Amino acid sequence: MPGIGHLAKPDKASRIRPVRLEVMEMGKREKEITMKRDSLILGVAATVLVAGAAQSGSITAVSWGGAYTFSQVEAFHKPWTEATGHVVVSEDYNGGLAEVKAQVEAGNVTWDIVDVEKSDAIRGCDEGLFEPIDTSILPAGADGTPAMDDFMDGSITECAIGVIVWSTIFAYDHSKIQDGPTTIGDFFDLEKFPGKRGMRKNPKATLELALAADGVAPDQVYEVLSTPEGVDRAFAKLDTIKDQVIWWEAGAQPPQLLADGEVAMTTAYNGRFFNAIAGEGKPFTIVWDAQIFDTDLWAIPVGAPNRDLAIDFLVFSTLTEQLAAQASYISYGPVRKSSLPLVGTYYTNPDLEVLEHLPTTEENFATAIENDYVFWADNQDELNERFNAWLAS
């Protein structure tokens, strides 16, 4: 998943307060915090006793670093430590399954819980790298909605529980284009909106956006792209703007291209643009039409040394309130529907409401296209070759 760089630590608390357990003092006796949750791993219901500092433990949570991990530390790690006395040791990685597989196969697992993309969550489960999770441990939403109805479709898999949704979108500078684009079709309309376009130098998401711009309905994009005629159609649409495209490869490039006026509009990861808007005051507007979205989830490696604590942390961090709190630090959409009404303002700017900048609001999500990891697993090499040949032609 794309990170969006490091942010300064907050100088004020988020408007969303994480859930905490009540601490009771009993004379001179030590403070104790007891949290009881039904725990599930391999379909077994267990009781996890979370003790105070005298019996504290720790887990190693692995994620993507930068602003994303920062959001997890503030919304998950610190509140969980405060509530339980347990410590979260944070490590960064670059994604994929190689490191998890090496640890599991060597019988020397040092990671307790890992933030993974959906494709890796499912593949890792199929390969026996992640523990199956009994979803009955997930509590209802803050509004009483049962967990299985509260989590977005597809955000719970056999071995992983969803946390956030992030998207590939496009944006423009509204200080330069007053009546700006509103659809993916506008992105491809050089007559209505002259100027260079920024696009990722990769067929993934690029071909989907091209088909959406050519009138393919969101739920039909991969069906069309799975045919030779559909691939031809996508490249034909790209042909209409090819001479005006500046290709980017690193996630930090698109906001800079837009800020420097090198492009009139560009695709990018939504968190990158929000960071430019919220952190740097850039006059950028995100267009959500035909966003290509993906999900990040928590998974527990088989053989995790602190499995029970990792389960407890997983449950805590996917509570309605914690997911809402995370959105105050980064503009990725919480996977629980009950979290959206609780999303507040940006942690350094009490005047900036985060909700409208999230991929998962009803309005922003109306034409969303979920990344089909199975399609890309089967076709990535072939389409990379076709794409590179097309670029060179």
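For the structure, check the block above.
Residues numbered from 1 in each chain as written. Predicted model: local features only at pLDDT ≥ 70, side-chain atom pairs only at ≥ 80, totals over all residues. Heavy atoms only, no water.

### Description of unusual backbone geometry
Right, on to step 1. Although it is not a glycine, Ala 205 adopts a positive phi angle of roughly 80 degrees.
Right, on to step 2. For Ala 205, the location among the structural elements is in the loop between β8 (197–200) and α6 (206–213).
Right, on to step 3. You can call Ala 205 buried: its relative accessible area is 9%. (Helix = DSSP H or I, 4+ residues; strand = E, 2+ residues; numbered from the N terminus. Buried < 20%, exposed > 50% of the residue type's maximum accessible area, 1.4 Å probe, protein only.)

### Let's talk about the packing of α6 against helix α8 (residues 228–239)
Right, on to step 1. Direction vectors running N to C along α6 and α8 enclose 85 degrees, while the axes themselves pass 8 Å from each other. Considering the angle they form, α6 stands roughly perpendicular to α8. On α8, the residues touching Thr 206, Leu 207, Ala 210, Leu 211 and Ala 213 of α6 are Gly 230, Arg 233, Ala 234, Phe 235, Lys 237 and Leu 238. (Axes fitted to C-alpha atoms, helices over the stretch in contact; angles between N-to-C directions. Parallel < 35°, antiparallel > 145°, perpendicular 65-115°, else oblique. Contact = heavy atoms within 4.5 Å.)

### Some remarks on the packing of aromatic side chains
Right, on to step 1. Taken as a whole and judged by the stated rule, the model has 22 aromatic pairs.
Right, on to step 2. Taken together, a centroid distance of 6.0 Å and an interplanar angle of 85 degrees make the contact between Trp 247 and Trp 390 edge-to-face. Remark: Trp 390 occurs in helix α13 (residues 373–392) and Trp 247 occurs in strand β9 (residues 245–248); sequence separation between them is 143 residues.
Right, on to step 3. Taken together, the aromatic side chains of Phe 70, Phe 274, Tyr 329, Tyr 346 and Tyr 347 make up a single cluster linked through ring pairs.
Right, on to step 4. Sitting over the face of the ring of Phe 187, Arg 197 holds its NZ or CZ atom 5.7 Å from the ring centroid. (Phe/Tyr/Trp six-rings, centres within 6.5 Å; stacked < 30°, edge-to-face > 60°. Lys NZ or Arg CZ within 6 Å of the ring centre and 35° of its normal.)

### Here we look at the packing of helix α1 (residues 66–84) against helix α11 (residues 307–317)
Right, on to step 1. Put simply, α1 and α11 touch, their axes get as near as 10 Å, and they point 115 degrees apart. Here α1 and α11 pass one another in a crossing that is right-handed. Listed contacts from α11 to Phe 76, His 77, Pro 79, Trp 80 and Thr 84 of α1 are Leu 309, Asp 312, Phe 313, Phe 316 and Ser 317.
Right, on to step 2. The class makeup of the residues in the contact of α1 with α11 is six nonpolar, three polar and one charged. (Left-handed = near helix turned anticlockwise from the far one by under 90°. Nonpolar A, V, L, I, M, F, W, Y, C, P; charged D, E, K, R; others polar.)

### Considerations on the pattern of salt bridges
Right, on to step 1. Considering all chains together, one arrives at eleven salt bridges under this definition.
Right, on to step 2. For Asp 232, the salt bridge goes to Arg 386, with nearest N and O atoms at 2.8 Å. Here Asp 232 is found in helix α8, whereas its partner Arg 386 is found in helix α13, with 154 residues between them in sequence.
Right, on to step 3. The class of Arg 386 is partly exposed, set by a relative accessible area of 34%.
Right, on to step 4. One continuous salt-bridge network, built from bridges that share partners, spans Asp 120, Arg 123 and Glu 127. (Salt bridge = Lys/Arg side-chain N within 4 Å of Asp/Glu carboxyl O.)

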